[in-house]
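Results of the structural survey
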Amino acid sequence: MVGCKLAVIVVEGGEVRLTSAGICMGGTICIVDVTDPNFFDTFTAVPDEGWYFLKWNSGDRFFCVGSTNPTCTLSFQGYEESKAVADMVASSETFYIMPLFKKTEIVKVDGKEWLQPKDFVNYSYDQVSAVCPAGVCSGVLPGSSFNLTGYTWASADDFGALLDGYL
């Protein structure tokens, strides 16, 4: 069967769920044959326990380049008559999609779990406050898949007590 290929490359830390073809597990490469100019599929990056979805990988011939949305939809619908789409589907070329997962770094001190400040670098105070109103967290930060539910945003006193234990 002639058609281009889409290689779903899944490194450690999670899996990718495809609406059309099931699950592509971590540590594997799944090949999707694209033979129809009416192609449509949704790819959802799902992190393993202790990991979070960072972004879709960037590079030549990659789809969803740099997106931090864990769901990536690829569709030729509406462009079925396009010569570029027809040429791509008729080719034997390979294209790629690859989620990047990152291990969640949690430091435990005196029975408390402390997430690392670097995990919050790209977030504003308002974004964190929306998920952790009054310090008690419930939900996921925008573009992240790490669930903060059950965590408490540390106060200055909490953080001071942590540092005092090491000084």
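Everything numeric in this text was worked out from a predicted model, so none of it was measured.

A word on the overall build of the chain
Within the chain, the secondary structure is distributed over three helices and eleven strands. Put simply, the chain runs from its N terminus to its C terminus through helices and strands in the order β-β-β-β-β-β-β-α-β-β-β-β-α-α. A compact globule built from 167 residues should have a C-alpha radius of gyration of about 15 Å, whereas the chain, at 20 Å, is more than 25% larger. Seen along its three principal axes, the alpha-carbon backbone of the chain occupies a region of about 65 × 30 × 25 Å. Counting over 167 residues, the chain shows a buried share of 34%. Sequence separation of at least 24 residues holds for 59% of the intrachain contacts in the chain that already meet a minimum separation of 6. Within the structure as shown, the chain displays about 9900 Å² of accessible surface, and the carbon and sulfur contribution to it stands at 56%. When the 10 basic and 20 acidic side-chain charges of the chain are each reduced to a single mean position, those positions are 4 Å apart.

Remarks on the side chain of Ser-91
Tracing the backbone through its elements, the reader meets Ser-91 in the loop between α1 (83–90) and β8 (94–97). On the accessibility criterion, Ser-91 (12% relative accessible area) is buried. Leaving out residues up to four positions away in the same chain, Ser-91 has contacts with Gly-3 and Cys-4.

Here we look at the confidence of the model for the chain
The predicted model of the chain has a mean per-residue pLDDT of 87, with 99% of residues at 70 or higher. Of all helices and strands in the chain, the one with the weakest mean pLDDT is strand β10 (residues 106–109) (78), whereas strand β2 (residues 14–18) scores best (96).

So, the sheet that holds strand β1 (residues 4–10)
Strand order in this open sheet of three strands is β4-β1-β8, and the pairing throughout is mixed. Looking along the sheet, the strands with just one partner apiece sit at the ends: β4 (28–34) and β8. Strand-to-strand twist of the sheet, defined as the mean angle between neighbouring strand axes without regard to direction, takes the value 25 degrees.

Description of the state of the cysteines
For the structure on display, the rule yields three disulfides. Between Cys-24 and Cys-30 runs a disulfide, and the two sulfur atoms are separated by 2.2 Å. In this structure the cystine formed by Cys-24 and Cys-30 twists about its S-S bond by roughly 100 degrees; its chirality is therefore right-handed. We classify Cys-30 as partly exposed; its relative accessible area is 23%. Residue Cys-64 pairs covalently with Cys-72 via a disulfide, S to S 1.5 Å. For the disulfide bridge between Cys-64 and Cys-72, the dihedral angle about the S-S bond is near 45 degrees, and by the sign convention the bridge is right-handed. Cysteine pairing in the chain follows 1-2, 3-4, 5-6, where each cysteine in a disulfide is numbered by its order in the sequence. Distance from the sulfur of Cys-4, which forms no disulfide, to the nearest cysteine sulfur (Cys-72) is 14 Å.

Reading the values: rules and limits
Residues numbered from 1 in each chain as written. Predicted model: local features only at pLDDT ≥ 70, side-chain atom pairs only at ≥ 80, totals over all residues. Heavy atoms only, no water. Helix = DSSP H or I, 4+ residues; strand = E, 2+ residues; numbered from the N terminus. Rg over C-alpha atoms; globule rule 2.2 N^0.38 Å. Buried < 20%, exposed > 50% of the residue type's maximum accessible area, 1.4 Å probe, protein only. Contact = heavy atoms within 4.5 Å. Areas by Shrake-Rupley, 256 points an atom, 1.4 Å probe, with all protein chains shown as cover. Lys, Arg positive; Asp, Glu negative; His and termini not counted. Charge placed at Lys NZ, Arg CZ, Asp CG, Glu CD. pLDDT = per-residue confidence, 0-100. Pairing = 2+ DSSP bridges. Axes fitted to C-alpha atoms, helices over the stretch in contact; angles between N-to-C directions. Disulfide = S-S within 2.5 Å.

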